[in-house]
Amino acid sequence: MIHPLRRQPFRSRRSVGLVGLFYSGKTVLLTSLIAHLRNHDPDRLPLDPSGSDDELTLLDELPPALCAERFDVDDHYNRLSVADWPAKTDRLSEYRAELVIGRKSWWTIDLSLVDLPGERLADMVIARHPTFEGWSDTVLGVFRKFAEFAEVARPYFDTLGRNLAEDDVLLAYRTLLATLHSRFMPFISPSSFVLDPEGVPIDARLGPSPPCSVAEAIRRKAERGTCGLSSSEQFAPLPADVRERAPELAAAFAQRYQRYRTQLVLPFARALARCDDLVVLVDVTVLLEGGHGMVNANRAFLEQVLSYVDPGLSPGRQLYAAAVSALSFGLTRLEHVRRVAFVATKADRVVRDDRDRLLDLLSRLTRPIIRPHLATKHLTVEHLIVAAVNSTWSEPGDPPDMLRYNTPRGEVKAPVSRLPDDWPDHFDPGRFRFPRPEPSLPRARIKVPPHINLDRLARFVLDKKTV
Ligand SMILES: Nc1nc2c(ncn2[C@@H]2O[C@H](COP(=O)(O)OP(=O)(O)OP(=O)(O)O)[C@@H](O)[C@H]2O)c(=O)[nH]1
Ligand SMILES: [Mg+2]
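Quick look at the structure, then. Since the structure is predicted, the reported quantities are computational estimates derived from the model, not experimental observations.

The next subject is unusual backbone geometry. Following Ser189, the chain continues into Pro190 via a peptide bond in cis, with omega recorded as 5°. If you trace the backbone, Pro190 turns up in the loop between helix H6 (166-182) and helix H7 (202-206). In this model, Ala83 sits at a positive phi of 60°, which is unusual for a non-glycine residue. For Ala83, the position within the fold is in the loop between helix H2 (73-81) and strand E3 (93-101). Ala83 sits in the partly exposed class, given a relative accessible area of 27%.

So this is what it looks like as structure tokens:
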């Protein structure tokens, strides 16, 4: 778009999607970033390391362009400022603003930042597969591939071997999903099982429950959860031989799968795939706390997301994109993800001396997943560690494995796990422990959240060359 009478006659469009599992820190990251964009202070968020043209001005906040819902930054910020983390996200939302960087620029940036509930990302495997048969084969393939999935999935396969009554198949699959959920393994598809189509989490649907055994909790979730648009619209993956043996069941599941895919999955999957850049959040500390099973599940999940988004441009599409851009004087862009930043979030949960190790662990996890895309396409990939709201500190003389932070009981000083140089071959949940602080934020709005490396993420988002 061109505005000949303005000081910045040109306007470029940029959209960035934040993806990551539930609890990976997307909403906090976006809230903190927006707070910094609204009150930009070059000393706290340096955008140009040379310091020559470091001024960012937010001109206007705009209605969303990629989805229906506005990102409720004020509500999230208000909670942070009273030492409470934001509520979990229940739907796709977008923050959109017009910005100008530097004093001499001829361009304004129309920037969209997209946030989504982490659970829905497990449905990217549905977005990737137009048919129920393809989805079934991929999901069951993942369950067979990793030992920790295979163990959880065995009773489901046993059920399919002896009983193909619809209700029994669905209950067996919901039991499988409930078991994954109880182990924090993020491969729960359809995601309606943990976050129903209205955005209500399964724990909220169950309501408060008396303390009970893990087996009882799994049974309750399996009874109440829904794998589909509603209780009469449920489906579960079926292997090829079962699809042959029970064609009516397979046909019913296939129709429900199509309705689920069209109504719930494709709208957000398309919004993400249309982004120029993706910020992929990985909470390495939670993966260490969760054990190797969680690392494997996270890896399988990231592979599915990147396969659907298919980031990068093949040489042919790169040429086409360059031609489109040249013919429109750079004002039209081919909508496709071309840059990916992998971000290890909550870097304040590890001691300062371990931040390099945090970056190494992130890179070791994500490099094998992104390499096939990098090998064949034009794609920019960055790796960063960030704390959106730095909520821990240490004082001179504190031991090297100690952090200080606020909790509802007041300030504590506690030991934290040191990071390994590489992912251990085998590690069970509980071997690593990191703090869960309250957010520490200045209440005066002209102040901005303390952070670690948020400036580097901002440079990526704004496409400032030096990250
Ligand atoms: N110490 C620390 N904890 C953080 C930070 N960011 C997030 N957290 C913690 O991580 C939790 C989840 O953060 P969210 O931003 O809500 O996570 P999300 O990815 O949006 O999760 P969903 O909405 O469920 O998809 C918060 O409630 C905090 O406990 C951070 O910068 N530092
Ligand atoms: Mg969220």
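This part covers the pairing of strand E4 (residues 107-115). Among the nine residues in E4, eight count as buried, and that is most of the element. Looking at chain direction, strand E1 (residues 10-20) and E4 are connected through eight bridges and run parallel. Looking across to E4, one finds that Val16 is bridged to Leu113. One ladder, built from seven bridges, connects E3 with E4; its direction is antiparallel. Bridged to Leu99 within E4 is Ile109. Two successive antiparallel strands, E3 and E4, enclose a turn made up of five residues, where Gly102 displays a positive phi of approximately 85°.

Turning next to the coordination of the magnesium ion (ligand 2). The expected angle between donors at a tetrahedral four-coordinate metal is 109.5 degrees. At an octahedral six-coordinate metal it is 90 or 180 degrees. Within the protein, the magnesium ion (ligand 2) binds to Thr27 (OG1) and Thr89 (OG1); these donor distances fall in the range 2.0 Å. With Thr27 in helix H1 (residues 26-38) and Thr89 in the loop between H2 and E3, this pair connects stretches of sequence that are 62 residues apart. Each member of the pair, Thr27 as well as Thr89, is classed as buried.

The geometry of H6 relative to helix H10 (residues 247-273) is characterised by a closest axis approach of 11 Å and an angle of 55° between their N-to-C directions. It follows that H6 is oblique to H10 by the angle criterion. Helix-helix and strand crossings are classified by hand; for H6 and H10 the assignment is right-handed. Together, Glu166, Val169 and Leu170 of H6 and Leu249, Phe253 and Arg256 of H10 make up the contact between the two elements. Grouping the constituent residues of the contact of H6 with H10 by class yields four nonpolar, no polar and two charged.

Attention now goes to the packing of aromatic side chains. Note on aromatic pairs: each is described by the distance of the centres and the angle between the planes. Inspection of every chain in the model, using the stated rule, returns 16 aromatic pairs. Relative to Tyr257, the ring of Phe132 has its centre 5.9 Å away and its plane inclined at 65°; by these criteria the two rings are edge-to-face. One end of the pair, Phe132, is in helix H4 (residues 132-145); the other, Tyr257, is in helix H10, and 125 residues separate them in sequence. In this pair, the class of Phe132 matches that of Tyr257, namely buried. When the ring of Phe149 is compared with that of Phe187, the centres are 5.8 Å apart and the planes differ by 55°; the resulting orientation is tilted.

Spatially, E2-E3-E4-E1-E5-E6-E7 is the arrangement adopted by the seven strands of the open sheet, whose pairing is mixed. Edge positions in the open sheet fall to strand E2 (56-62) and strand E7 (380-385), since each of these has one partner strand only. Between one strand axis and the next, the sheet turns through 25° on average, direction left out of account. Of the strand pairs in this sheet, E2 and E3 are connected by six bridges, and their pairing is antiparallel. Residue Thr57 lies in a different strand from E3, and its bridge partner there is Val100. Where H1 meets the sheet, it contacts E1, E2, E3, E4 and strand E5 (277-282), and its direction lies at approximately 155° from that of E4.

The next thing to look at is the nonpolar core. For soluble globular proteins, the rule of thumb is that nonpolar side chains tend to be buried together. Of all hydrophobic cores here, the largest spans 100 residues; its most connected members are Phe143, Tyr156, Tyr173 and Leu238. Top contributing element to this core by residue count: H10, with 14 residues. Counting the residues that make up this core, at least three belong to each of domain 1 (10-116 + 275-461) and domain 2 (122-266). Ignoring any residue separated from it by four or fewer positions in sequence, one finds Leu238 in contact with Phe132, Ser136, Leu140, Tyr156, Leu160, Val169, Arg243, Leu249, Ala250 and Phe253.

This next bit is on helix H15 (residues 454-461). Where burial is concerned, most of H15 is hidden: seven out of the eight residues are buried. All buried positions along H15 are accounted for by Leu454, Asp455, Leu457, Ala458, Arg459, Phe460 and Val461. Packing partners of the buried residues in H15 comprise E1, H1, E4, E5, strand E6 (339-344) and E7.

With that settled, the discussion passes to the site of ligand 1. Close contacts around ligand 1 come from 21 residues, with Lys26, Thr27, Lys88, Thr89 and Gly118 the closest. Take Tyr23: an N or O atom from its main chain is 2.9 Å from an oxygen atom of ligand 1. Here Gly25 contributes a backbone N or O atom positioned 2.9 Å from an oxygen atom of ligand 1. Within the complex, the protein chains bury 93% of what would otherwise be the 650 Å² of accessible surface of ligand 1. By residue class, the composition of the shell around ligand 1 is 11 nonpolar, five polar and five charged.

Rules behind the numbers
- Residues numbered from 1 in each chain as written.
- Chains lettered and ligands numbered in written order.
- Predicted model: local features only at pLDDT ≥ 70, side-chain atom pairs only at ≥ 80, totals over all residues.
- Heavy atoms only, no water.
- Helix = DSSP H or I, 4+ residues; strand = E, 2+ residues; numbered from the N terminus.
- Buried < 20%, exposed > 50% of the residue type's maximum accessible area, 1.4 Å probe, protein only.
- Pairing = 2+ DSSP bridges.
- Donors = N, O, S within 2.8 Å, 3.2 Å for Na, K, Ca; no water.
- Axes fitted to C-alpha atoms, helices over the stretch in contact; angles between N-to-C directions.
- Parallel < 35°, antiparallel > 145°, perpendicular 65-115°, else oblique.
- Left-handed = near helix turned anticlockwise from the far one by under 90°.
- Contact = heavy atoms within 4.5 Å.
- Nonpolar A, V, L, I, M, F, W, Y, C, P; charged D, E, K, R; others polar.
- Phe/Tyr/Trp six-rings, centres within 6.5 Å; stacked < 30°, edge-to-face > 60°.
- Core = buried A, V, L, I, M, F, W, Y, C linked by side-chain atoms within 4.5 Å.
- Domains from an automatic or database assignment.
- Near = heavy atom within 4 Å.
- Polar contact = N/O pair within 3.5 Å; in protein donor to acceptor, adjacent residues only side chain to side chain.
- Areas by Shrake-Rupley, 256 points an atom, 1.4 Å probe, with all protein chains shown as cover.

Just geometry here; none of it tells us what the structure is for.
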